[in-house]
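# Working through the structure, step by step
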Amino acid sequence: MANKKNSHSQKINRKTGMHPGSVYYVGEKREYIPNLYLVEYNKESYSQTKLASIDDIKNVEDGSSVRWLNVEGIHETSLVEQIGQKFNLHPLILEDVVNTSQRPKLEEYDNCIYITFKSLVYDGKEQKIVPEQISIILLKHIVITFQEQADDTFAEVLERIKHAKFKIRSKGSDYLVYALIDLIVDKYFNSIEGMGTQLEELEEEVFSSPTANSLYKIQTSKRELLDMRHSVYPLREVISHFQKDDLEYIDESNVKYFNDVYDHTIRIVDTIETYRELNAGLKDIYLSSMSMRMSQVMQVLTIIGAIFIPLTFLAGVYGMNFEFMPELHWEYSYLVFWIVIVVVTTGMIFFFKRKKWL
Amino acid sequence: MANKKNSHSQKINRKTGMHPGSVYYVGEKREYIPNLYLVEYNKESYSQTKLASIDDIKNVEDGSSVRWLNVEGIHETSLVEQIGQKFNLHPLILEDVVNTSQRPKLEEYDNCIYITFKSLVYDGKEQKIVPEQISIILLKHIVITFQEQADDTFAEVLERIKHAKFKIRSKGSDYLVYALIDLIVDKYFNSIEGMGTQLEELEEEVFSSPTANSLYKIQTSKRELLDMRHSVYPLREVISHFQKDDLEYIDESNVKYFNDVYDHTIRIVDTIETYRELNAGLKDIYLSSMSMRMSQVMQVLTIIGAIFIPLTFLAGVYGMNFEFMPELHWEYSYLVFWIVIVVVTTGMIFFFKRKKWL
Amino acid sequence: MANKKNSHSQKINRKTGMHPGSVYYVGEKREYIPNLYLVEYNKESYSQTKLASIDDIKNVEDGSSVRWLNVEGIHETSLVEQIGQKFNLHPLILEDVVNTSQRPKLEEYDNCIYITFKSLVYDGKEQKIVPEQISIILLKHIVITFQEQADDTFAEVLERIKHAKFKIRSKGSDYLVYALIDLIVDKYFNSIEGMGTQLEELEEEVFSSPTANSLYKIQTSKRELLDMRHSVYPLREVISHFQKDDLEYIDESNVKYFNDVYDHTIRIVDTIETYRELNAGLKDIYLSSMSMRMSQVMQVLTIIGAIFIPLTFLAGVYGMNFEFMPELHWEYSYLVFWIVIVVVTTGMIFFFKRKKWL
Amino acid sequence: MANKKNSHSQKINRKTGMHPGSVYYVGEKREYIPNLYLVEYNKESYSQTKLASIDDIKNVEDGSSVRWLNVEGIHETSLVEQIGQKFNLHPLILEDVVNTSQRPKLEEYDNCIYITFKSLVYDGKEQKIVPEQISIILLKHIVITFQEQADDTFAEVLERIKHAKFKIRSKGSDYLVYALIDLIVDKYFNSIEGMGTQLEELEEEVFSSPTANSLYKIQTSKRELLDMRHSVYPLREVISHFQKDDLEYIDESNVKYFNDVYDHTIRIVDTIETYRELNAGLKDIYLSSMSMRMSQVMQVLTIIGAIFIPLTFLAGVYGMNFEFMPELHWEYSYLVFWIVIVVVTTGMIFFFKRKKWL
Amino acid sequence: MANKKNSHSQKINRKTGMHPGSVYYVGEKREYIPNLYLVEYNKESYSQTKLASIDDIKNVEDGSSVRWLNVEGIHETSLVEQIGQKFNLHPLILEDVVNTSQRPKLEEYDNCIYITFKSLVYDGKEQKIVPEQISIILLKHIVITFQEQADDTFAEVLERIKHAKFKIRSKGSDYLVYALIDLIVDKYFNSIEGMGTQLEELEEEVFSSPTANSLYKIQTSKRELLDMRHSVYPLREVISHFQKDDLEYIDESNVKYFNDVYDHTIRIVDTIETYRELNAGLKDIYLSSMSMRMSQVMQVLTIIGAIFIPLTFLAGVYGMNFEFMPELHWEYSYLVFWIVIVVVTTGMIFFFKRKKWL
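Residues numbered from 1 in each chain as written. Chains lettered and ligands numbered in written order. Predicted model: local features only at pLDDT ≥ 70, side-chain atom pairs only at ≥ 80, totals over all residues.

### Points about the overall build of chain A
When helices and strands are tallied, chain A shows 7 helices and 7 strands. For chain A, the N- to C-terminal ordering of α and β elements is β-β-β-α-α-β-β-β-β-α-α-α-α-α. Here the C-alpha radius of gyration of chain A, 34 Å, is well above what a compact globule of 358 residues would show, namely 21 Å. Looking at the 358 residues of chain A, the share that counts as buried comes to 42%. Taking the contacts inside chain A whose residues are at least 6 apart along the sequence as the reference set, 67% of them involve residues at least 24 apart. (Helix = DSSP H or I, 4+ residues; strand = E, 2+ residues; numbered from the N terminus. Rg over C-alpha atoms; globule rule 2.2 N^0.38 Å. Buried ≥ 20, exposed ≤ 12 C-beta atoms within 10 Å, placed from the backbone. Contact = placed C-beta atoms within 7 Å.)

### Structural notes on the relation of the copies chain B and chain A
Least-squares fitting of chain B to chain A yields an RMSD of 0.1 Å, with the superposition described by an axial translation of 0.0 Å and a rotation of 72°. Expressed as a symmetry operation, the mapping of one chain copy onto the other fits a five-fold axis. Taking the C-alpha atom as reference, chain B places Gly 319 of chain B closest to the rotation axis, 4.6 Å from it. Comparing interface residues between copies, only 19% of those in chain B also sit at the interface in chain A, which points to a heterologous contact through distinct surfaces. (Least-squares fit on C-alpha atoms with pLDDT ≥ 70 in both.)

### Observations regarding the sheet that holds strand β6 (residues 128-139) of chain B
Residue and element names in this part refer to chain B. Spatially, 7 strands are ordered β2-β1-β3-β7-β6-β5-β4 in an open sheet, and the strand pairing comes out mixed. Because the sheet does not close on itself, it has two edges, and the strands there are β2 (46-51) and β4 (105-108). On average, each strand axis in the sheet is inclined to that of its neighbour by 20°, with strand direction left out of account. Of the pairings in the sheet, the one linking β4 to strand β5 (residues 112-123) comprises 4 bridges and is antiparallel in character. Its bridge partner lying in β5, Lys 105 is registered against Thr 116. (Pairing = 2+ DSSP bridges. Axes fitted to C-alpha atoms, helices over the stretch in contact; angles between N-to-C directions.)

### Let's talk about helix α2 (residues 91-98) of chain C
All names here are of chain C. Extensive coverage of α2 is indicated by the burial of 6 of its 8 residues. Along α2, the positions that sit buried rather than exposed are Ile 93, Leu 94, Glu 95, Asp 96, Val 97 and Val 98. On its buried side, α2 packs onto α1 (77-87), β5 (112-123), β6 (128-139) and β7 (143-147).

### A look at the packing of helix α4 (residues 173-208) of chain D against helix α6 (residues 255-317) of chain D
All names here are of chain D. Relative orientation of the contacting elements α4 and α6 amounts to 15°, with a least axis distance of 10 Å. Relative to α6, α4 is oriented roughly parallel. When the axes of α4 and α6 are compared, the crossing they make is left-handed. Residues that form the contact of α4 with α6 fall into these classes: 19 nonpolar, 6 polar and 2 charged. (Parallel < 35°, antiparallel > 145°, perpendicular 65-115°, else oblique. Left-handed = near helix turned anticlockwise from the far one by under 90°. Nonpolar A, V, L, I, M, F, W, Y, C, P; charged D, E, K, R; others polar.)

### Let's talk about the interface of chain B and chain A
At the junction of the two partners, chain B supplies 48 residues and chain A supplies 58 residues. For the side of chain B that touches chain A, the secondary structure elements donating two or more residues are β4, α5 (212-243), α6 (255-317) and α7 (333-354) of chain B. With 17 residues, the single largest contributor to the side of chain B that touches chain A is α6 of chain B. Split by residue class, the side of chain B that touches chain A holds 21 nonpolar, 19 polar and 8 charged.

### Let's talk about the nonpolar core
Grouped together as the largest cluster of nonpolar side chains are 393 residues, with contacts concentrated most on Leu 180 of chain A, Leu 180 of chain B, Leu 180 of chain C, Leu 180 of chain D together with Leu 180 of chain E. When neighbours within four sequence positions are excluded, Leu 180 of chain C is seen to be in contact with Ile 136, Thr 145, Phe 154 and Val 157 of chain C. (Core = buried A, V, L, I, M, F, W, Y, C linked by C-beta atoms within 7 Å.)

### Digging into the pairing of strand β2 (residues 46-51) of chain C
Residue and element names in this part refer to chain C. Counting buried positions along β2 yields 0 of 6 residues, so the element is predominantly exposed. Alignment of strand β1 (residues 35-41) against β2, held across 6 bridges, turns out to be antiparallel. In the sheet register, Tyr 41 faces β2, and the bridge partner there is Tyr 46. Hairpin connection between β1 and β2: a loop of 4 residues separates the two successive antiparallel strands.

### Details of the sheet that holds strand β4 (residues 105-108) of chain C
Residue and element names in this part refer to chain C. Strands sit in the order β2-β1-β3-β7-β6-β5-β4 across an open sheet of 7 strands; the sheet is mixed. A strand with exactly one partner marks an edge of an open sheet, and here the two such strands are β2 and β4. On average, each strand axis in the sheet is inclined to that of its neighbour by 20°, with strand direction left out of account. In this structure, β6 lies alongside β7, joined through 4 bridges in antiparallel fashion. Following the sheet pairing, Leu 138 is matched in β7 by Val 143.

### Here's the deal with the packing of helix α6 (residues 255-317) of chain C against helix α5 (residues 212-243) of chain D
Remark: α6 of chain C packs on α5 of chain D, axes separated minimally by 11 Å, with the N-to-C direction vectors making an angle of 170°. Taken together, the axes of α6 of chain C and α5 of chain D lie roughly antiparallel to each other. Along the contact surface, α6 of chain C presents Asp 270, Thr 274, Glu 277, Leu 278, Gly 281, Ile 285, Ser 288 and Met 292 of chain C, while α5 of chain D presents Ala 212, Leu 215, Gln 219, Lys 222, Arg 223, Leu 226 and His 230 of chain D.

### A short note on the confidence of the model for chain A
All names here are of chain A. Looking at chain A, the pLDDT average stands at 86 and 95% of residues meet or exceed 70. Here residues 1-14 is modelled with pLDDT under 50, and outside its nearest four sequence neighbours on either side it reaches 25 contacts, counting other chains as well. Predicted complex metrics record ipTM = 0.75 and pTM = 0.81. (pLDDT = per-residue confidence, 0-100.)

### Details of unusual backbone geometry
Even without being glycine, Gln 127 of chain B reaches a positive phi, approximately 50°. Here Gln 127 of chain B shows up in the loop between β5 and β6. Here Asn 88 of chain E, not a glycine, exhibits a phi torsion of approximately 60°, which is positive. Turning to its location among the elements, Asn 88 of chain E is positioned in the loop between α1 (77-87) and α2 (91-98).

### A closer look at helix α7 (residues 333-354) of chain C
Along an α-helix, residues three or four positions apart point the same way, because every turn accommodates 3.6 residues. Here α7 of chain C contains 22 residues, and its C-alpha end-to-end distance of 31 Å stays within 8% of the 32 Å for a straight helix at 1.5 Å per residue. Just downstream of α7 of chain C, Lys 356 of chain C is the residue with a positive phi angle, here 65°. (Expected span 1.5 Å × (residues − 1).)

### As for the environment of Pro 131 of chain D
All names here are of chain D. Among the structural elements, Pro 131 can be located in strand β6 (residues 128-139). The exposure class of Pro 131 is partly exposed, given the 17 C-beta atoms found within 10 Å. Each C-alpha atom, one on Pro 131 and one on Met 228, is 9.1 Å from the other, the two residues being 97 residues apart in sequence. The residues touching Pro 131, leaving out its near neighbours within four places in the chain, are Lys 118, Leu 120 and Ser 231.

### Points about the pairing of strand β7 (residues 143-147) of chain B
Along a regular strand, successive side chains alternate from one face of the sheet to the other. Residues and elements named next belong to chain B. Counting buried residues in β7 gives 5 out of 5 residues, a clear majority hidden from the surface. Side chains of β7 alternate between two faces, with Val 143, Thr 145 and Gln 147 and Ile 144 and Phe 146 buried alike. Bridging between strand β3 (residues 66-72) and β7 involves 5 bridges; their strand directions are parallel. The partner of Trp 68 across the bridge, within β7, is Val 143. What sits between the antiparallel neighbours β6 and β7 is a turn of 3 residues.

### A short note on the environment of Ser 119 of chain D
Residues and elements named next belong to chain D. Note on placement: Ser 119 falls in strand β5 (residues 112-123). C-alpha of Ser 119 to C-alpha of Val 130: the two residues are 11 residues apart in sequence and 8.1 Å apart in space. Ignoring sequence-local partners within four residues, the contact set of Ser 119 consists of Glu 132, Ile 134, Thr 153, Ile 184 and Lys 187.

### Notes on the environment of Leu 314 of chain A
Residues and elements named next belong to chain A. Mapped onto the secondary structure, Leu 314 falls in helix α6 (residues 255-317). For Leu 314, a count of 21 C-beta atoms within 10 Å translates into the label buried. Residues Leu 314 and Phe 337, 23 residues apart in the sequence, show an inter-C-alpha distance of 8.6 Å.

Pasting the structure below:
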């Protein structure tokens, strides 16, 4: 049971008393060196470079193409601090980037917009949702993104950037931000679908063969839905900031796209609420199902008593030692006794069957 | 049990990673070719034409009569894209039209108003609600509607248009939009009524003869009410946009009509909430009913034991081998024994009956 | 059980597909001819006339006295349409007047204010609430009211009008509207009181002698409270319109009176909420009460077994056929056996009594 | 059980159909003549007079000192009407003063501010809360207060007025209103404390020795918390009116004091919510506790059967009449039989004890 | 059970009837003399002095460095009153400082901002949260803080002040206020973590070995979460005041920092809500777990009966005294009897095992 631990409390930061702005990584420790990719594109050209160091970025002030710096890995806090210095980021941003227990939020700073939220990928094999914290910093001439791991979270957007035919190549960095958020939100649908399938299987299990473990699964599913809700719900607010088109760097013509993502998050929240209600319903069904099974067992056992106790009484009668019991001396008494036994037993079983007690 | 699956998760879109604006149909695959109907009417004249191709529409800019293009079937995405090109629709509209898992919404674009919501028709035989996504695009000189299937969803409105005596013939395209929404909302009442009848039957079943299946039906009904709520609730907001009479294309004199539809949706939402509460009540009644039945069975079985165990004791007494037991030698002992047995048994049954235990 | 039907779904309109503004009566069919009463009064004079036809009303534009036309019965839709024509009412008003499943609402039209809500009268004998739809149309020179039945709903207001000493005689038609609403809301208190008494009786029943029927009553009471809430809750909004004193025809000096009615509706809503909570509590008490009764029965039955099984064992011992059992030959064995039986039984009963198991 | 009645419905007014402004007392009938006290004070002087009649008040328009008229008893409606005439109060105020089922509210009239709310005093002996309706009317030169009974509700404020050292003597009538509200709200804390102690005792009872009566107490406590909530919740709104410092007669420098009372009411509401949740928790604990007790009894009873049924079987074996049963003829059989019985019984008891079933 | 008391009611103030502004300490009585520390710092210098008396503070109007007066202990109300006089604080502030049952709040006075809230420190050994009321008064030239006890609540901030390298040394007194609030909020995370661990252990206990005490722990945990919620929830509002940057004394550049603390409180509230839901889930699991255990015991006991009752019947049969029972005279009857007994018993046990009843 030890490994079934509620890992929620582990996510909470442990940096009490540090001074504000201290860049302290609270996530899982990782060994590898974080990857740095710089993607540059405009309508005509496209390039993707793996950087050895943050100093490889030149001409930061050049606005002729969209620049996107993707950092895979935030466990190396010194790297995050270097990036902070290079782009003159507020200390609180750096603190938040490496604190993987952030609540989704959008904050406007003097020189940038900072967005953080969770990517939720459904691991079908383990039947659980794997969260990853994503940070996006939208500066005037560059978009910086931070992921926790070196995985292919942004692969689909990268793929689209490679091909000149897609609209993203002719749009600015605000559209890139939209594309990244849209991608993550689209992946939420997979997670939701995974949760849905899980609930269906659980429902089938609970109706057909509930075990004590089913209840544990229901409680776990409840916790996951709660966690998911906490990740998606505040994202609505984040995205709604883009809809008001009063944010710097966001072009008015792209507001429609953010509206679209906003609708998606509402749909996800709706579905999560539905699943939470169904989960609560499942618990009731489980409890009812279990108690019914128990009762049915008790019923069968009690029926055995109900049949044999009267028979034992009958046998007891003819075990009595009265001097004057005429049946005792009749030749066919014993045979008749057995016939009576068989008839009574059959009758009772038939009666119980008809009453659906057996 | 396999076909009783929660089909909710299937509705969720599966187009993660596609570029925004990609027209990807997520509904059920259908074989037939979508129908295109063009209805043109004004106070004097009326015509309905089945179009072979979208290019058959001429004089798009002519405003002398109301034009209504109804598209039955959205599985042919190329047709939707052609319509989009012809009327210069925003890519996100086309994406939403074919994505049948939309949440009801209204969006204003530069050249049109886009509305999408669900038609909910109650299938009395299957005792379930069949959803269909409806999209309405209100352009300056034409109203375009998209249905998922070639059914007669809009039949009643078409019928009214045919007759010059009805008000719709002398009204503009905003009134047509109202008439279509009003029709769909009116059909919600049928669905609600269907759900109500279902709940009544369920209530009767639960009170008179509950089975394990009743609980399944209650859970299914709960899910349907949740789904219905998600379809109707956001429609309120959609319609409230029309009430503020600041939408382009909407004539102020027609706002009253939208008020009326708005009230209907509120009544539907109220009724759904009532049904949800009654559904929750039913579940409690079911659980209580089941456990009471179980207990009554156990009671009857236990009563059999409670009657025969004392009798068996009595028989056991006279089976004892003590040398000095005067009763054994009395001639009428055996007769008296049976009389006692009958009297005791009758007394106990009478007692249990009076206590309402039997 | 068939007559215990949830009649909720019957209330829902059945006019899908009719054109908006079609005057279609959805309530119970009635046979009699609707009554038309015209009441005219001012500070000096008062008259009440039963009209044969709507054309008997003359001088509609005369504002020297308050005119009140009361229509008892809305099942004759042609009459409603005549009234509509005479006073130039919007078709949607007429549609709403005869549609008895309206949600309480207030709507401002160009020439009038339209208010509709429910009268709820508690039928003490049947222990249920009888709803009736009331419509009030406040025109410039006349107030028109529609009731479903020819009953004395407005009797108390009429009585006050008859006597010159009451304030109503010196006030305008807005005060009449207030007086009518106030009367209906005052009657709500009777209904609430009826529900309260019902809950008290139910509570006593559930504590002292719960039956399966109690649960049915609790569920029915829950449904009635929900229905009542749906009737009263939106009335709050309706009345709040009058408080803002920006409605035409409403004199500022009368706003205080509407404040008062508003407070009453809030108190009613509060009480309904309290009753709903108490109702939910009753259900829990019922369930607990029933399961406790069941358990007590089982306990008594099991105690019978617990007493006689050991005794049967003892009898069984002395029914054994061992050759060497000294007790069998002792003269007083049988007497001692019975003494032991009596002592053991008495002891156990005493023990069970002290433990409060019996 | 008859005296355990839910007295809630009794509180509801019974004056349906009376004309608005009719002064009709709905509370308990009382015999004594209401007391009238006039308190006059300013920085220098102080006087308290018991008035024989309302006409004893002279110089009503004199503003040199704060005047406070306290009326103990509102069952004499003629007195209330006299006061109304003397100070020119709106009829609706008088109606509300004597209607003891008012919801807390504040209303501004042309010549006064009218405030009504409940005093809740905890009766420790009866363990219940005794409500009393308080009305405060703040006129330009006088404060009038109405209590239901001749008790010492305002004693602490009177005491402070007597001593020149207290701030109240140098403040105006708005501060007096504050002092009175503050006193009543402070007394709520005692009631809350009483409810808290009651819940603690209930919790102890439910954990240690639950009876069917405990459930009744829990339901009663739930109802009291609901009633209390209805008394305190709207008071928040009432007091918040004073905070906005736009009320006539309220000096800006005293707003801070009303803020303070406001905070107190919020704390009370918070505590009530906590108690309601704990109450709900208690109910669950009670139900669980009761069903566990029941089960334990059944367990003990069943164990008696489980021990003696096998023993009876053994006795039965040696009661068989087979001709060839070697044990029957062995001399020590009977002794061995008893040894076996004792060993088996001891073993089973030991086993059940270890399993914690006994 | 006596020491398990709900200590909630004790926290409520007991000063009914005292005049407003009376400085009355309601917390636990303490013996020691409160400590007074004065910390003065600016970019260059730093000093910390323990004061003997409040008069040791000189040059109160000097604004060249940040001054922080920390008072450890508020049970000496005369000291609090002296401080009030020296800094000219409003009497209501002093009343609130010593009333340890305050709800978190922020109030603006003419010469200062007053903030009060709770420090919640998790006592790991006792597994409970220890609350302490913190008051912060932000005057123009000094920050005064009050703690209930002489503990090291503010140690981490003091430590940072000592070192010139930290940002706090170059910031004003508003930043000090932020740093203090931030520290307390950071400590909430520890408390939350403690509650989380407690819930995990409880979950494990409930799944593996539930006892009646588990339910008590669940109820206690529920109460603690409610208490915690009441401490943290209003703090959100308090901090949001700082975000609107319209407070005097708060520099605009520090608003970002308050945003950060605000986010932390939201995260804490979110987590508390999650824990409350999990707590509710635990209760259900406990109830189900307990009833399942009970049922399993009953099942085992009933199985003993179900096996031996039929066997007893068989023994009874051969104890009958019929004259003609051929088996009685067969030599191997007794042996066969025992073989039948063993076979039947083994068969039943095998059957029950396969059915998972045993």
